[in-house]
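Here is how the chains run, residue by residue.
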Amino acid sequence: MAASITYRLRLLFCLNKRRPEFTSSWARMFCSSSALSQFDRVGFIGLGNMGSRMANNLIKAGYSVVVHDVNHDAMKKFSEQGILTKNSPIEVAEASDAVITMLPSSAHVMDVYTGPKGMLSSGSLIRSRLFIDSSTIDPQTSRHLSASVSNSNLTGSEGQQISMLDAPVSGGVLSAETGSLTFMVGGSEEAYMSAKPLFLSMGKNIIYCGGPGNGATAKICNNLAMAVSMLGVSEAYALGQSLGIEATTLTNIFNSSSARSWSSDTYNPVPGVMDGVPASRDYEGGFATKLMAKDLNLAAVSAKQVGATSPMTFLAEEIFSQVCSEGHGTKDFSCVFRHYFSGKDQI
């Protein structure tokens, strides 16, 4: 009877894809605890600004975590907390039931999975049953990697085929810190269901996007739309200022009319208009322009590969790359208002 109730509750709170309200904090706690026996130990590779915080949230959720990074100082911070560290990706895979990777580029991802000491290098049997890549890379690489995992001779410790998910995130460092990331997940639905409690330990919005590579596709499309929106809003503000209207007035108009957008009402790029956004602190923090340029490059490459008509993609990539070349790559991407459109602060 108790087992039946637990099963029904797990279906209700963990497997329901259409009711986002079920991702309440107590439901997330239930899902995490119910999966601990399935993934007793979780590996995490890539302990940068995002990965270190995601790994910490797994630890807080009660998972036994083992970590690896090429930066030994990053690993030392975890070893000083009593967290197990390993010297190579394959060692992490051999010691973990599931492995999550969070890496800077496609090249880093391929090396961690298929390199000489990569997780696919052991040849036959490893402990891991599930690989999750949360890096922002191009969909083609994600699909190639998923096929490599499927076609490998590797099996998990219980003899089953290893599953692969691409699950990039949105939300930035603050959301990684607070465990409120959005995950966009591609891969088999069965693997997604089994991994959902892991995602809920690190995020609050978990969206299944379809087959392999669809998570990566969703991420670059999301960031493309975000970039183009920011460019349009910034251009409109700069034009308005040049024609004699204040940015605060335009903001009131935008936010009560058809021009309303995240770039105007939540992440306003004009210094002096909104508190608590990067524009209010000289564009420090937030989402670096160089990362936006990188994601737009992924979108541009993907558009070329499929022959898509994407003029805004290429223009946005050109603009953000120019801002980077002028020395503003570490500033938040909303700095395009000042450093490309020559917009003025709101006094």
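Everything quoted here is computed from the prediction, not taken from an experiment.

Draft legend 1. Molecular detail of helix α4 (residues 72-79). Residues of α4 that are buried: Ala74, Met75 and Phe78. The buried residues of α4 occupy an angular sector of 95 degrees when the element is viewed end-on, so they sit on one face. Opposite its buried face, α4 presents the exposed residues His72, Asp73 and Lys77, each directed more than 90 degrees away. Among the residues of α4, the N-terminal cap falls to Asn71, whose side-chain oxygen and the backbone nitrogen of Asp73 are separated by 2.9 Å.

Draft legend 2. Quick look at helix α3 (residues 49-60). Here α3 is 12 residues long and its end C-alpha atoms lie 17 Å apart, about the 16 Å a rise of 1.5 Å per residue gives. Taken together, the buried positions of α3 are Met50, Gly51, Ser52, Met54, Ala55, Asn57 and Leu58. A positive phi of about 105 degrees marks Gly62, the residue just after α3.

Draft legend 3. Representation of the environment of Val149 within the structure. For Val149, the location among the structural elements is in helix α7 (residues 139-151). Spatially, the C-alpha atom of Val149 lies 7.4 Å from that of Leu120, the residues being 29 residues apart in sequence. Those residues within four positions of Val149 in sequence are excluded, and the remaining contacts are Leu120, Phe131, Ile162 and Met164.

Draft legend 4. Representation of the nonpolar core in the model. Ranked by internal contacts, the top residues of the largest apolar core, which has 36 residues, are Phe44, Met54, Leu58, Ile132, Phe183 and Phe199. Contributions of two or more residues to this core are made by β1 (41-45), α3, β2 (64-68), α4, β4 (98-101), β5 (130-133), β8 (181-186) and α9 (189-200). Leave out the neighbours within four places in its chain, and Phe183 touches Met54, Ser134, Ala167, Pro168, Val169, Phe199, Met202, Gly203, Asn205, Ile206 and Ile207. Val277, Ala279, Tyr283 and Phe320 belong to the second largest nonpolar core, which has 28 residues in total.

Draft legend 5. Structural context of the packing of helix α10 (residues 214-242) against helix α11 (residues 247-254). The N-to-C vectors of α10 and α11 enclose an angle of 130 degrees; their axes lie 9 Å apart at closest approach. Comparing their axes, α11 and α10 come out oblique. Remark: the crossing between α10 and α11 carries right-handed chirality. The residues of α11 that touch α10, namely those facing Ala236, Tyr237, Gly240 and Gln241, are Ala247, Leu250, Thr251 and Phe254. Split into classes, the residues belonging to the contact of α10 with α11 amount to five nonpolar, three polar and no charged.

Draft legend 6. Representation of the pairing of β5 in the model. Burial along β5 is two-sided: the residues Leu130 and Ile132 and Phe131 and Asp133 are all buried. Note: β4 against β5, four bridges, orientation parallel. Residue Val99 lies in a different strand from β5, and its bridge partner there is Phe131. One ladder, built from four bridges, connects β5 with strand β6 (residues 163-166); its direction is parallel. Following the sheet pairing, Ile132 is matched in β6 by Leu165.

Draft legend 7. Highlighting the side chain of Gln346. Within the secondary structure layout, Gln346 lies in the segment after α15 (336-339). Within the structure, the side chain of Gln346 is placed 3.3 Å from the side chain of Glu246, a separation counted as a polar contact. Among the polar contacts listed, one links the side chain of Gln346 to the backbone nitrogen of Ala247, at a separation of 3.2 Å.

Draft legend 8. Structural view of the environment of Asn205. For Asn205, the location among the structural elements is in strand β9 (residues 203-210). Residue Asn205 is classed as partly exposed on the basis of its relative accessible area of 29%. Once the C-alpha coordinates of Asn205 and Leu181 are considered, the two residues, 24 residues apart in sequence, prove to be 6.6 Å apart. Every residue in contact with Asn205, bar those within four places of it in the chain, is listed here: Leu181, Thr182 and Phe183.

Draft legend 9. The packing of aromatic side chains, seen in detail. On inspection of all chains with the given rule, the structure shows 10 aromatic pairs. With a centroid separation of 4.5 Å and 15 degrees between ring planes, the pair formed by Trp262 and Tyr267 is classed as stacked. The class for Trp262 is partly exposed, based on a relative accessible area of 36%. An aromatic cluster is built from Trp262, Tyr267, Phe287, Phe320 and Phe333, whose rings are joined through pairwise contacts.

Draft legend 10. Structural context of the pattern of salt bridges. Enumeration according to the criterion identifies eight salt bridges in this entry. Note that Arg53 and Glu177 form a salt bridge whose closest N and O atoms lie 2.8 Å from each other. With Arg53 in helix α3 and Glu177 in helix α8 (residues 172-178), this residue pair connects regions lying 124 residues apart in the sequence. The exposure class assigned to Arg53 is partly exposed, which follows from its relative accessible area of 24%. Residue class for Glu177 comes out partly exposed when judged on its relative accessible area of 41%.

Thresholds, definitions, all that
Residues numbered from 1 in each chain as written. Predicted model: local features only at pLDDT ≥ 70, side-chain atom pairs only at ≥ 80, totals over all residues. Heavy atoms only, no water. Buried < 20%, exposed > 50% of the residue type's maximum accessible area, 1.4 Å probe, protein only. Helix = DSSP H or I, 4+ residues; strand = E, 2+ residues; numbered from the N terminus. Arc of directions from axis to C-beta. Polar contact = N/O pair within 3.5 Å; in protein donor to acceptor, adjacent residues only side chain to side chain. Expected span 1.5 Å × (residues − 1). Contact = heavy atoms within 4.5 Å. Core = buried A, V, L, I, M, F, W, Y, C linked by side-chain atoms within 4.5 Å. Axes fitted to C-alpha atoms, helices over the stretch in contact; angles between N-to-C directions. Parallel < 35°, antiparallel > 145°, perpendicular 65-115°, else oblique. Left-handed = near helix turned anticlockwise from the far one by under 90°. Nonpolar A, V, L, I, M, F, W, Y, C, P; charged D, E, K, R; others polar. Pairing = 2+ DSSP bridges. Phe/Tyr/Trp six-rings, centres within 6.5 Å; stacked < 30°, edge-to-face > 60°. Salt bridge = Lys/Arg side-chain N within 4 Å of Asp/Glu carboxyl O.

None of this, on its own, says anything about what the molecule does.
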